[in-house]
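Structural characterization, general
Chain residues, written in single-letter form:
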Amino acid sequence: MKNKRIFFVALFGIVWLATACAGGKKDETGAEYQIYYLDEEGNGLVPEAYHIKADEKDTVAVIDELFEQLHKSDHTNSNQPPIEAALEVSDFQIKETQLSVYFSAIYNNRSGLDEILCRAAIVKTLCQVEGVDYVEFYVEDQPLMISGNAVGLMNAASFVDNLDPEKMEQTKQATLYFADSTGQKLEEVPTEVAYNATEPIAQLLVEKLIDGPSKIKNKNVSDLLTTIPPETKLNSLTIRDNICYVDFSHEFMIFLPDISSDMVIYSIVNTLCELPNVTKVQFTIDGEQKEIYGDTLNFNTPFERDLGFIRSGSESQG
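Note that the coordinates shown come from a computational prediction; the quantities given were computed from them, not determined experimentally. (Residues numbered from 1 in each chain as written. Predicted model: local features only at pLDDT ≥ 70, side-chain atom pairs only at ≥ 80, totals over all residues. Heavy atoms only, no water.)

**Quick notes on the sheet that holds strand β5 (residues 134–139)**
Spatially, β3-β4-β5-β6 is the arrangement adopted by the four strands of the open sheet, whose pairing is mixed. Both outer strands of the open sheet, β3 (89–95) and β6 (142–143), are each paired with one neighbouring strand and no more. Pairing geometry for β5 and β6, over two bridges, is antiparallel. Bridge pairing links Y138 to P143 in β6. Here helix α3 (residues 112–126) sits on the sheet in contact with β4 (98–103) and β5, set at roughly 135° to β5. (Pairing = 2+ DSSP bridges. Helix = DSSP H or I, 4+ residues; strand = E, 2+ residues; numbered from the N terminus. Contact = heavy atoms within 4.5 Å. Axes fitted to C-alpha atoms, helices over the stretch in contact; angles between N-to-C directions.)

Listed below in structure tokens is the structure:
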């Protein structure tokens, strides 16, 4: 009897040890994610490795777990969570490869570098989820607005890891489209643009078009013409479902000499459609849709890229 008891105790110990080891192994081998937090000084982001416990095939459960980690403040170090306890994530929705996150009104209390860093930490964490390429923020039911513009879709590349004011500028290769000397064709102008990590690149490109080709450095653009009246104001710009919504001031309706309405439209559309998250552009003027723009009809519908307006190599030589 004594030997049996020893046998069962030993067997129980082996089973318990195997179970414990299996459980520990599961915790350690779950898919690894980097959870981004603010550093102690609040000047940059710090990633911490985390092994997800949810089934990776259950996208909703994975996102829920990541939000739980983004809320946590019980760190052994001094890193700060990007979602403070009082800020509620009221809902999130997944549509194709876009994740829409709905925050409570407290989000509007954030500003400046702190807001940018927290937003970057959340986006960079969530974009690691399989099938999530872009994230957009809502406060209550309204798109997040910064300086009067909707922030729109963001991904990990929208931010630099350290957003110290001295290190926020980065550069990007972009293609702008201006009118040729006849005003009847467009010409591609590949250029490198410097931009601040807090400014959406799509907004910067439109502003470059408004500035005109004369402001492009290190390029032979002396024979090119600007397409957008320089007095035009970009009221807002946002990207949703791969459509870039651009709202201009009324000065946009005043045409420059020798520039057709198609040249104006497709200089903007072709430029913005160079971005990976834009396939169409929708225009409004001071918040209103217009059916006709110069000689162009159906101005109230989204426009797709049209390379037929681009001057060919033979035309350039002729």
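**Section: unusual backbone geometry**
With a phi angle near 50°, D286 is a residue other than glycine that sits in the positive phi range. A relative accessible area of 43% places D286 in the partly exposed class. The backbone phi angle of N298 is positive, close to 55°, even though this residue is not glycine. Within the element layout of this structure, N298 appears in the loop between β13 (280–285) and β14 (303–304). Under the relative-accessibility criterion, N298 is labelled exposed at 51%. (Buried < 20%, exposed > 50% of the residue type's maximum accessible area, 1.4 Å probe, protein only.)

**Let's talk about the packing of aromatic side chains**
Where two aromatic rings form a pair, the distance of their centres and the angle of their planes describe that pair. Tallying each qualifying case throughout the model produces 16 aromatic pairs. Relative to F92, the ring of F67 lies with its centre 5.8 Å away and its plane at 40°, an arrangement referred to as tilted. Residue F67 is located in helix α2 (residues 59–71), and its partner F92 is located in strand β3; the two are separated by 25 residues in the primary sequence. Taken individually, F67 and F92 each receive the classification buried, so the pair is uniform in this respect. (Phe/Tyr/Trp six-rings, centres within 6.5 Å; stacked < 30°, edge-to-face > 60°.)

These results come straight from atomic positions and should not be treated as a statement about function.
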